[in-house]
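An overview of the molecular structure
Spelled out, the chains give:
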Amino acid sequence: MDFFKYIHAVGTGEKTNRDLSHAEAKDMMERILKQDVYPEQAAAFLLGWRLKPETNEEFKGVVDACDGFIKRTPIANSIELGYPFDGKVNNPFIFPLVAKALKNFDLELVVVGDDLAPAKPGITLKEVATSIELEKNIHYFDRADFFKEMHDITPMRMRLGLRTGINTIEKLTRVASSEFAITGIFHKPYLSKYVEVFSDKYKRFALIQGNEGTPELFSKGRLWLVNGGEVEEMIIDPEYYGINYTKSWEKITLEESIEQVNNPSNEFLKLARLNAAVYLFVTQKAKSIEEAYEKLNG
């Protein structure tokens, strides 16, 4: 099948654009991942697809295509933390301290890293995870090892320089076959997309208004917990727990990010425990975030 069919479907304007079927979306993504098409064709499609925009059925087809390439290593009793691959610009990663807070609670954290992807030039999870000694309950997976095909198209995506539909679906890989997952979202309209595409792949699935699109809560935000087809929304405010952490609005370096992990302030440690409490709640190890936070401070 000529790949131009897919470019034509998303790149000819509002009147003539059309949505791809599940099978077409799966085939499109498989061909891009196998690099059976020219990079210019892949970039043209991804840009047009973003502008069309993408449908949930197309996302499902793309996820199914990715599933055919991913090499999984099951980790029992784990929660997958879905991070974006464009990194963090203004604040440090907190997951190493969250893992430390959880080391006596029988919960494994799964994180995935790779080289920088569009659209912001942040510090990547990979840079942090490979620069410090991780707790034993953190399982870091490098995408170059378990999903090389996606890793290999990163240079093309960086030359394009824009967010595409790949940014939406790539944060959750199920590399460890985790029963639980949480990921961050910027905009509430994406809530329904993630719920429809991913919620049936986990025993319990959650989304959070995390810092810089990550599953890390740094300030007051919403948590959405998905149970079956029902979505429960709740507000989490660090101040309610006596946490007075002030997040940064200034760009930080990798060295500064690592320094805050290695020598955290008391407020940063309390914030880490609050994030740990959220994960205990999502994984049904506590009946509420309040109960989990009390256990972590007990």
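Residues numbered from 1 in each chain as written. Predicted model: local features only at pLDDT ≥ 70, side-chain atom pairs only at ≥ 80, totals over all residues. Heavy atoms only, no water.

A few words now on the environment of Ala 76. Here Ala 76 shows up in the loop between helix H4 (56-67) and strand E1 (78-82). For the pair formed by Ala 76 and Asp 36, sequence separation is 40 residues and the distance between their alpha carbons is 36 Å. (Helix = DSSP H or I, 4+ residues; strand = E, 2+ residues; numbered from the N terminus.)

Time to look at empty space enclosed by the protein. Over the atoms, a rolling probe the size of a water molecule traces out where space has been left empty. As enumerated under the stated definition, the model contains two cavities of 30 Å³ or more in all. Here the largest cavity is characterised by a volume of approximately 80 Å³. Residue lining of the largest cavity: Val 63, Cys 66, Asp 67, Ile 70, Phe 147, Met 150, Ile 169, Glu 170, Leu 172, Thr 173, Arg 174 and Phe 198, and that is the complete set. Looking at the lining of the largest cavity element by element, the count peaks at three residues for H4. Taken together, the residues of the lining of the largest cavity sort by class into eight nonpolar, one polar and three charged. Reported here for the second largest cavity is a volume of approximately 40 Å³. In this structure, the second largest cavity is lined by Tyr 83, Pro 84, Phe 85, Val 112, Gly 113, Asp 114, Thr 124 and Leu 125. Of the residues belonging to the lining of the second largest cavity, the class tally is five nonpolar, two polar and one charged. (1 Å grid on protein atoms, 1.4 Å probe; cavity = no way out; pocket = protein on both sides within 12 Å on 5 of 7 lines; lining within 4 Å. Points joined across faces, edges and corners; volume = space filled by probe spheres on them. Nonpolar A, V, L, I, M, F, W, Y, C, P; charged D, E, K, R; others polar.)

Where helix H2 (residues 22-33) meets H4, the closest approach of the two axes is 7 Å, and the angle between their N-to-C directions is 45°. Comparing their axes, H4 and H2 come out oblique. Relative to H4, H2 is oriented so that their crossing is right-handed. Along the contact surface, H2 presents His 22, Ala 25, Lys 26, Met 28, Met 29, Glu 30 and Leu 33, while H4 presents Glu 57, Glu 58, Lys 60, Gly 61, Val 62, Asp 64, Ala 65 and Cys 66. Among the residues making up the contact of H2 with H4, the classes are represented as seven nonpolar, two polar and six charged. (Axes fitted to C-alpha atoms, helices over the stretch in contact; angles between N-to-C directions. Parallel < 35°, antiparallel > 145°, perpendicular 65-115°, else oblique. Left-handed = near helix turned anticlockwise from the far one by under 90°. Contact = heavy atoms within 4.5 Å.)

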